[in-house]
Amino acid sequence: MYAAFSDGFNYYLDVCLSVSGGPKSIANHKKLPPGEGKEIVLVFFKIRPEAVTEENMRQIGTPIFCHLLPPGEGKEIVLVFFKIRPEAVNEENMRQIGYSHLLPPGEGKEIVLVFFKIRPEAVTEENMRQIVFIVSMPDSPVVALYYTVQRIFAPTLLKDDSWSQCVDPRLQSMLTELEASLRCVVLRTQDQSISPSASLAEIMTVEDELQFWKGCWNQARKKIDQERAKGFTEALEPLATAFRQLDRMELPEAEDVLETAHVVLDDLWKLDEFQYPQQRMEHLMEVIGKTITRFIQQKTKSENIWEGDFIEVEAKLLTCLGSCNKWIQTCERLTTLFWPNYSLHRWSGLPYRPVHISRFYMRLEEILNIRTVDRQLTKLLSPTEQAQLDTSANFNPFSGVNAVQYNPYTEPMWQAAVRQFELHIQPAEERVAAKLKHQLRNANLNTLQLMAEFKRYQEVMQRPAIQKALVGREGNPVISATRLCSQCSSRAG
């Protein structure tokens, strides 16, 4: 935690920790804990799904230390830290940070950290943690309020069962409207010219893209901009409607949503009067892919991938792979076959393949392959051999690893677990390879019969250790069948 704030934010974090009771009393959570919020010490959240670095830390991350908004007109503010010059905060100049008991005038861009009291009481060591709250405003107050509502309060009060049932439905509706209104203001201030690539970093859902164009429609000053935004809004509405229903669907139903996405994107690209920007289309395809990825992760989070029944797990993984592959192929077909040949609005450059869902697809393939290899190895071993080789511990390396939670930052942990799995099954592979070599060479089978046997244990047969053990003289039908099976498998993939 401290290393991430090496640009001087250590200073403010130290202040926060002194208020909260020190780092030893802090517990880490990926979601707000249930209850009345009194246990919350300091919530760090990102406004964009990016890795936090020293360069972007002040743009995408912000801390908030509160469980209620302060009453009154700001008279309870204790202390405001703000920059007196537009410089990056570092160890040399951080002690020159200005402070005040009032919010400074302007757009708030110089404000770093605000301490305020929720009750007009004198601050003491006993009540400090109960009445002093901390809010960060790395940008304008509107932006700070928007991201605080969007990332903290809206998910907690609208989606968390332990909280939402305590909140009046009218308040939930008002909170939703507030978030939507603030989003329009933020997007409008970031994009006065409505340029094609504007605000892409803020578009993380189909609904965000729809609201962006609705905001442009309402705020555009030129009639041509209004008409363009209106056309894009009306074209995107069916897509947003379909994705609003996604969370209530089951896994197989996702393909219907993707079919709708295919039709809507094709219609959007081929609008008669206006051309949808290619950069935004690529981003929208990526957003849809990420949405489907999150949907699959949500629907499989309770699935016991490693210990669950193989047939059930395999069926669910194949369904997930089918949905991922459908969207990948949709994007490739649109940008390879249809749009490059559409004379009124040609797709330029390379075909687009959505990155995140493609990598997630590969992760799902790895999971299925690991489960299949384990199943085939154990089927070829006797119960005694399974006990000797400790095959029941094959999946122990994946303990504590959320296999379907793919992102670039969990990939090293996943790959390390895969390597441990590979090492653990080596003795079992050697035993199976010896048994197969003996059985196949002593069996009077032609190449077609060998291929049938190899198809039954396709994943195992493609393991390097197994293939190496089965290699004989050139022209051996075992080798021929192995190579033919491998070629057929690669073509099918």
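The rules behind these values
- Residues numbered from 1 in each chain as written.
- Predicted model: local features only at pLDDT ≥ 70, side-chain atom pairs only at ≥ 80, totals over all residues.
- Heavy atoms only, no water.
- Helix = DSSP H or I, 4+ residues; strand = E, 2+ residues; numbered from the N terminus.
- Buried < 20%, exposed > 50% of the residue type's maximum accessible area, 1.4 Å probe, protein only.
- Areas by Shrake-Rupley, 256 points an atom, 1.4 Å probe, with all protein chains shown as cover.
- Core = buried A, V, L, I, M, F, W, Y, C linked by side-chain atoms within 4.5 Å.
- Contact = heavy atoms within 4.5 Å.
- pLDDT = per-residue confidence, 0-100.
- Phe/Tyr/Trp six-rings, centres within 6.5 Å; stacked < 30°, edge-to-face > 60°.
- Lys NZ or Arg CZ within 6 Å of the ring centre and 35° of its normal.
- Axes fitted to C-alpha atoms, helices over the stretch in contact; angles between N-to-C directions.
- Parallel < 35°, antiparallel > 145°, perpendicular 65-115°, else oblique.
- Left-handed = near helix turned anticlockwise from the far one by under 90°.
- Nonpolar A, V, L, I, M, F, W, Y, C, P; charged D, E, K, R; others polar.

Thoughts on the overall build of the chain
Link 1 in the chain: Within the chain, the secondary structure is distributed over 18 helices and six strands.
Link 2 in the chain: Here the chain holds 493 residues, and 45% of them are scored as buried.
Link 3 in the chain: Summed over its atoms, the accessible surface of the chain is roughly 26900 Å², and 53% of this surface lies on carbon and sulfur atoms.

Some remarks on the nonpolar core
Link 1 in the chain: With 79 residues, the main nonpolar core has Leu239, Leu265 and Ile288 as its most contacted residues.
Link 2 in the chain: The set of elements that each furnish at least two residues to this core consists of helix H7 (206–219), helix H8 (223–244), helix H9 (254–269), helix H10 (278–300), helix H11 (310–338), helix H12 (355–379), helix H14 (411–442) and helix H16 (458–461).
Link 3 in the chain: Apart from residues no more than four positions distant in its own chain, Ile288 is found in contact with Val206, Leu239, Phe243, Leu258, Ala261, Leu265 and Trp327.
Link 4 in the chain: Grouped together as the second largest cluster of nonpolar side chains are nine residues, Phe115, Phe116, Ile118 and Val132 included.

Observations concerning the confidence of the model for the chain
Link 1 in the chain: Here the chain averages 75 in pLDDT, while 65% of its residues score no lower than 70.
Link 2 in the chain: Residue range residues 1–29 is modelled with pLDDT below 50. Its contacts to residues more than four positions away, or to other chains, number 51 contacts.
Link 3 in the chain: Low pLDDT, under 50, characterises residues 61–84; the stretch is placed with 92 contacts to residues that sit more than four places away or in other chains.

Focus on the packing of aromatic side chains
Link 1 in the chain: If you walk through the whole model with that rule in mind, you get 13 aromatic pairs.
Link 2 in the chain: A ring pair is formed by Trp306 and Phe395, whose centres lie 5.1 Å apart and whose planes are at 35 degrees; its orientation type is tilted. In this pair, Trp306 is assigned in the loop between H10 and H11 and Phe395 in the loop between helix H13 (383–389) and H14, connecting sequence segments 89 residues apart. For the residue pair Trp306 and Phe395, the accessibility class agrees, reading buried in each case.
Link 3 in the chain: Considering the side-chain rings of Phe395 and Phe421, the 6.2 Å spacing of their centres and the 15 degrees angle between planes classify their relative orientation as stacked. Taken together, the residues span a long stretch of sequence, with Phe395 in the loop between H13 and H14 and Phe421 in helix H14 at a distance of 26 residues.
Link 4 in the chain: Judged by its relative accessible area of 15%, Phe395 is buried.
Link 5 in the chain: Within the aromatic cluster, the residues linked to one another by ring pairs are Trp306, Phe395, Phe398, Trp414 and Phe421.
Link 6 in the chain: Geometry around Tyr342 places Lys270 over its ring, the cationic atom sitting 5.4 Å from the centre.
Link 7 in the chain: It is Arg280 that lies over the ring of Phe212; its NZ or CZ is 4.1 Å from the centre.

Some thoughts on the side chain of Glu209
Link 1 in the chain: Tracing the backbone shows Glu209 in helix H7.
Link 2 in the chain: For Glu209, the residues in contact, after removing those within four places along its chain, are Ile203, Leu236, Tyr276, Arg280 and Leu284.

Focus: the packing of H8 against H10
Link 1 in the chain: Closest axis-to-axis distance for the H8/H10 pair is 13 Å, and the angle between their directions is 15 degrees. Classed by the angle they form, the pair H8 and H10 counts as roughly parallel. Helix-helix and strand crossings are classified by hand; for H8 and H10 the assignment is left-handed. For the pair H8 and H10, the contacting residues are Leu236, Leu239 and Phe243 in the first and Leu284, Ile288, Thr291 and Ile292 in the second.
Link 2 in the chain: Split by residue class, the contact of H8 with H10 holds six nonpolar, one polar and no charged.

Considerations on the side chain of His262
Link 1 in the chain: Within the secondary structure, His262 is located in helix H9.
Link 2 in the chain: Residues contacting His262, with those up to four places away along its chain left out, are Trp327, Thr330, Arg333, Leu334 and Phe338.

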